[in-house]
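Topology and contacts: notes
Given next are the chains, with one letter for each unit.
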Amino acid sequence: MSILVVGSVAYDTVATVRETRDRQLGGSASFFALAASRFAPVRVVGVVGDDFRQEDLDLLARHGIDTSGIERCAGATFHWSGRYHHDMIERDTLATDLGVFADFSPQLPAGWEHTPYLLLANIHPSLQLQVLDSMHDPKLVVLDTMNLWIETSRAELLAVLAKVDVLLVNDSEARLLTGCTGLNEAALAIQALGPPRVVIKKGEHGALYFGSSGTLAVPAILLPDVVDPTGAGDTFAGGFMGWLADRGVDRHSDDVEFRRAMIAGSAVASFCPQAFSVEALIDLDRAALDARMATLTAMMTP
Ligand code: AMP
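Residues numbered from 1 in each chain as written. Predicted model: local features only at pLDDT ≥ 70, side-chain atom pairs only at ≥ 80, totals over all residues. Heavy atoms only, no water.

On to the site of the ligand. Inspection of the region around the ligand gives 18 residues, with Ser 8, Asp 12, Gly 27, Gly 231 and Asp 234 positioned closest. With respect to the ligand, the backbone of Asn 122 contributes an N or O atom lying 3.4 Å from a nitrogen atom. In this structure, an oxygen atom belonging to the ligand sits 2.7 Å away from a main-chain N or O atom of Gly 231. Protein chains bury 90% of the 510 Å² of accessible surface belonging to the ligand in isolation. Breaking the shell around the ligand down by element, the ones donating at least two residues are strand E2 (10–15), helix H4 (147–152) and helix H8 (232–246). No other element matches the three residues that H8 contributes to the shell around the ligand. (Near = heavy atom within 4 Å. Polar contact = N/O pair within 3.5 Å; in protein donor to acceptor, adjacent residues only side chain to side chain. Areas by Shrake-Rupley, 256 points an atom, 1.4 Å probe, with all protein chains shown as cover. Helix = DSSP H or I, 4+ residues; strand = E, 2+ residues; numbered from the N terminus.)

Below, the structure written as structure tokens:
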């Protein structure tokens, strides 16, 4: 069953201690769509500028991703620039150039309002709310966000949060959002704000799931070399949502497939840091993905 994602389609400039790569394909929706497309059909709603390369749209389309909801406007594509610290975890945002995003008003192609799965990827919460309000009775709505919106647009973010089924955040964002230090307390506080299910991502330490069945802790694959972790969170979201869509899970389903989706999300996310930009997600081999899911399951087995 199809997934609709609204989020950024961007060009990223990423600097690590070893190398800098300029204006490569990025954005929350791009990473999400490539990951989720291994499991289910994906439709993207977003905006790009007239500098956006046709080959990047073609790359998404070649993975079966429907790009007809990506509007092309006069101006520059959203550009994010970041520099990683030596640990390849901490990063400083050097620039966030909104470009055509500044005036973006998401429009859904005809019929897309009936898409059963909705992923509100990282963009301004008022845009997320606009898309959510134009949908017709989705089976499952998952929300992603970031510290910027928690700090600058809390009221709008809380309005979206009250209407979604699952929130995906990283550990520092969960603390920032709730004021809680402990992640269990933070998850309970988030559930009180709306979503009954909460996923807290912890980078190289894996991810936590909080649902009706209790807590699940999924580790991260221990990678020999991290090249560029940008997009790993969005890639996790793609694997997580893709798994749920493939199995027809809805908000009333029990927790079993949500717990399995945590393993799928962690497995897909483990590929992302192995190369710059979306490179490691291109033509991602299903057998390699299944092998990583098996490794993660083994890591959780006494
Ligand atoms: P992640 O590493 O999973 O946090 O995601 C990184 C991606 O988020 C990059 O590809 C950026 O283009 C995108 N991004 C960064 N800042 C923003 C923002 N303010 N709004 C939307 N997307 C953003």
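Anyway, onward from the coordinates.
An order of E5-E4-E1-E8-E9-E10-E11-E12-E13 is seen for the nine strands of this open sheet, with the pairing classed as mixed. Both edges of this open sheet fall to strand E5 (66–72) and strand E13 (214–218), since each of them pairs with a single strand only. Each strand axis lies, on average, 15° off the axis of its neighbour in the sheet, ignoring direction. Its contacts with the sheet put helix H9 (residues 256–271) on strand E9 (140–144), strand E10 (166–170), strand E11 (197–201), strand E12 (207–211) and E13, and the angle it makes with E13 is roughly 20°. (Pairing = 2+ DSSP bridges. Axes fitted to C-alpha atoms, helices over the stretch in contact; angles between N-to-C directions. Contact = heavy atoms within 4.5 Å.)

Spatially, E3-E2-E6-E7 is the arrangement adopted by the four strands of the open sheet, whose pairing is mixed. Each edge of the open sheet is held by one strand with a lone partner, namely strand E3 (20–26) and strand E7 (91–97). In this sheet, neighbouring strand axes are inclined to one another by 20° on average, regardless of whether the strands run parallel or antiparallel. With five bridges connecting them, E2 and E3 associate as antiparallel partners. Bridged to Tyr 11 within E3 is Leu 25.

Next up on the list: the packing of helix H6 (residues 171–178) against helix H7 (residues 183–193). For the pair H6 and H7, the least separation of the axes is 9 Å and the interaxial angle reads 60°. Between H6 and H7, the crossing angle belongs to the class labelled oblique. Here H6 runs over H7; the crossing is left-handed. Here Asp 171, Ala 174, Arg 175, Leu 177 and Thr 178 of H6 come into contact with H7, specifically with Leu 183, Ala 186, Ala 189 and Ile 190. A breakdown of the residues in the contact of H6 with H7 according to their chemical character gives six nonpolar, one polar and two charged. (Parallel < 35°, antiparallel > 145°, perpendicular 65-115°, else oblique. Left-handed = near helix turned anticlockwise from the far one by under 90°. Nonpolar A, V, L, I, M, F, W, Y, C, P; charged D, E, K, R; others polar.)

This part is about the nonpolar core. Counting 62 residues, the largest nonpolar core has Ile 3, Val 44, Phe 240 and Met 262 as the members making the most contacts within it. Setting aside anything within four residues of it in sequence, one finds Met 262 in contact with Val 199, Ala 207, Leu 208, Tyr 209, Leu 216, Val 218, Phe 236 and Phe 240. Leu 4, Phe 78, Ile 190 and Phe 276 belong to the second-largest nonpolar core, a separate cluster that totals 42 residues. (Core = buried A, V, L, I, M, F, W, Y, C linked by side-chain atoms within 4.5 Å. Buried < 20%, exposed > 50% of the residue type's maximum accessible area, 1.4 Å probe, protein only.)

Glancing now at the packing of aromatic side chains. Under the criterion given, the structure shown has seven aromatic pairs. Measuring from centroid to centroid gives 6.2 Å for Phe 39 and Trp 243, while their planes differ by 70°, and the two rings are edge-to-face. Here Phe 39 is found in the loop between helix H1 (28–36) and strand E4 (42–48), whereas its partner Trp 243 is found in helix H8, with 204 residues between them in sequence. Here Phe 39 falls in the buried class, since its relative accessible area comes to 8%. For Trp 243, a relative accessible area of 8% gives the class buried. A ring pair is formed by Phe 101 and Phe 104, whose centres lie 5.4 Å apart and whose planes are at 85°; its orientation type is edge-to-face. For Phe 101, a relative accessible area of 9% puts it in the buried group. (Phe/Tyr/Trp six-rings, centres within 6.5 Å; stacked < 30°, edge-to-face > 60°.)

Attention now goes to the side chain of Thr 230. Within the secondary structure, Thr 230 sits in the loop between E13 and H8. What makes Thr 230 buried here is its relative accessible area of 6%. Polar side-chain contacts of Thr 230 include one of 2.6 Å to the side chain of Asp 228. Sequence-distant contacts of Thr 230, defined by excluding residues within four places in its chain, comprise Asp 12, Val 14, Phe 31, Trp 80, Tyr 84, Arg 91 and Cys 272.

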